[in-house]
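Descriptive structure summary
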Amino acid sequence: MTFASLGLCEPILKGVRDVGYTEPTDIQAHAIPKILQGLDLIGLGQTGSGKTAAFGLPILHRLTGGEPGLRGLIVVPTRELCVQVAENLRLYAAYSGLKVCTAFGGVDMSIQESAFKRGCDVLVACPGRLIDHLERRNLTLAKVQVVVLDESDRMLDMGFMPQIRRIFVRLPQERQNLMFSATMPKEVESLVGDFLPNAERVQIGSRSQAPATIHHRFVAVSVVDKHDLLERLLVNEHGKVLIFVNKKIGCEKLGNILKRSGLPADSIHGDKGAEQRHMVLQAFSRGKTRILIATDVAARGIDVDDIDLVVNHDFPLALEDYIHRSGRTGRAGRQGRAISLVAPSERHLYEAVRRHLKGEAPGDGGPPPRPAARGRGRSSGTALRGGSSRGRRPRSGGASRSMLAAS
Ligand code: AMP
């Protein structure tokens, strides 16, 4: 299958060629023809499935050659995702004459306002900042023909549902509605019932499934030994590693600890300013900082394809978060690995994830890497059931460890 066979017009196809996509991903092949027909659609796509182009390309096709003005609105939960979606759309739209703008918090509103005045056909926006612009009459949604809610489940988690509803009531009655989500919690279903009740559903894989290209591994470790074990894991890693923690404060602290140990690490979380977050992301994307510690919200929009390893320093509190986190690796068909450090108090969360992954993890049943304990008698890790990979030998002797098995 080719992008041309999906019915996209030449200016958009040219943009796609420049980006280097040769054939559509599953979600693109299923969603693009339906969006081109003008249907409302709910896309349940795996993380990294190519959903930005799945909605972006047909929207740009539909708007190409029309009367200029704000006609396409894409609402996203985070600044990072806002910037990344807009960057992708600008590439796809390079030959269409369409202008793509952004609206996200943490930067001067007047800069965004000036950009709107220069022309804005498609706006990628975070809910709060979009409402600010609407209230100041910097923008009107009166001519919007198509609206996208991207990462709807995350918007729910971040408490954006009231803002989403306020935005929707300002949209014209006649419009196309698209919604993308990795999972479909009941609050999101209720939004669907209110705003796109007749939408077609496009589902790739199961509803809550990490890509099959990810190898999952779980290591039992006490809370106090986590840092030690993590450092030992990282010493053997030479690619990009994304480490998740549950709290902002832990994020900053862990970043500093790893930096002090001489590792090329940095951290990203909500307390860092937009500019600082942007710089951290750029350094990670370019491989200058190979190790990035992040909270779920900050990491949500990271669009870096070559992450080799995701580490859950803190075990995620919900299954969906586990899927989102591990989905940062193994993107666009690549192989990836996810390692979770599981403290006794996190064991119940791990059990839920393991049950979910059972039968999905492509492990080969071999022994997982055994990070060496630092001092005598210090226990540093036990592999839990859930995945495995070919083991590395411990660098030094230490306390004996047992592993929890692979699923
Ligand atoms: P997304 O799920 O939109 O974040 O996309 C994940 C990654 O896949 C991004 O880096 C895209 O640039 C890339 N991608 C999207 N569609 C394709 C395609 N058809 N061929 C190759 N890469 C793609």
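The paragraphs below set out a description of the structure included in this document. (Residues numbered from 1 in each chain as written. Predicted model: local features only at pLDDT ≥ 70, side-chain atom pairs only at ≥ 80, totals over all residues. Heavy atoms only, no water.)

**Details of the site of the ligand**
Cut-off, in case you're wondering: Proximity is defined per residue: if any heavy atom of the residue lies within 4 Å of a molecule or strand, that residue is considered near it. Polar contacts, as counted here, are pairs of nitrogen or oxygen atoms within 3.5 Å of one another; within protein the pair requires one atom able to donate a hydrogen and one able to accept it, and residues that are adjacent in sequence qualify only if both atoms are side-chain atoms. Residue exposure ignores everything except the shown protein chains as possible cover, and the areas themselves are Shrake-Rupley values with a 1.4 Å probe. Asp, Glu, Lys and Arg are counted as charged, while Ala, Val, Leu, Ile, Met, Phe, Trp, Tyr, Cys and Pro are counted as nonpolar; the rest, among them Gly, fall into the polar class. Where each domain starts and ends comes from a domain assignment, either automatic or drawn from a database.
Close to the ligand lie 15 residues; Tyr21, Gln28, Gly50, Thr52 and Asp305 are nearest. Glu23 is positioned such that a nitrogen or oxygen atom in its backbone is 2.9 Å from a nitrogen atom of the ligand. Between the ligand and the protein, one listed contact pairs an oxygen atom with a backbone N or O atom of Gly50 at 2.8 Å. Considering the ligand on its own, with 490 Å² of exposed area, one finds that the protein chains cover 83% of that surface. The residue inventory of the shell around the ligand, partitioned by class, reads 4 nonpolar, 6 polar and 5 charged. When residues of the shell around the ligand are assigned to domains, at least three fall in each of domain 1 (4–203) and domain 2 (214–406).

**Considering unusual backbone geometry**
To be explicit about the condition: Numbering of helices and strands runs from the N terminus; a helix is a DSSP stretch of H or I covering at least four residues, while a strand is a stretch of E covering at least two. Only protein chains enter the accessibility calculation, which uses a 1.4 Å probe; a residue whose area is less than 20% of its type maximum is buried, one above 50% is exposed, and one in between is partly exposed.
One non-glycine residue with positive phi stands out, namely Arg137, at about 60°. The phi angle at Glu151 is positive, at roughly 50°, despite the residue not being glycine. With respect to the helices and strands, the residue Glu151 is situated in the loop between β5 (146–149) and α7 (152–157). Judged by relative accessible area, Glu151 falls into the buried class, the value being 5%.

**Examining the pairing of strand β3 (residues 100–103)**
So the rule is basically this: Here a strand pair is declared whenever DSSP counts at least two bridges between the two strands. Throughout, right-handed denotes a crossover for which the path from the first strand over the helix to the second runs clockwise when the strands point away from the viewer.
In β3, alternate side chains face the same way, and those of Val100 and Thr102 on one face and Cys101 and Ala103 on the other are all buried. Both β3 and strand β4 (residues 122–125) contribute to a ladder of 4 bridges, which runs parallel. Bridge assignment links Ala103 to a residue of β4, and that residue is Ala125. Running through helix α5 (residues 109–118), the crossover from β3 to the neighbouring parallel element β4 is right-handed.

**Here's the deal with the pairing of β5**
Residues Val146 and Val148 of β5 are buried on one face, and the alternating residues Val147 and Leu149, pointing to the opposite face, are buried as well. Sheet analysis places β5 next to strand β6 (residues 176–181), joined by 4 bridges and oriented parallel. Considered in β6, the bridge of Val148 is made with Leu178.

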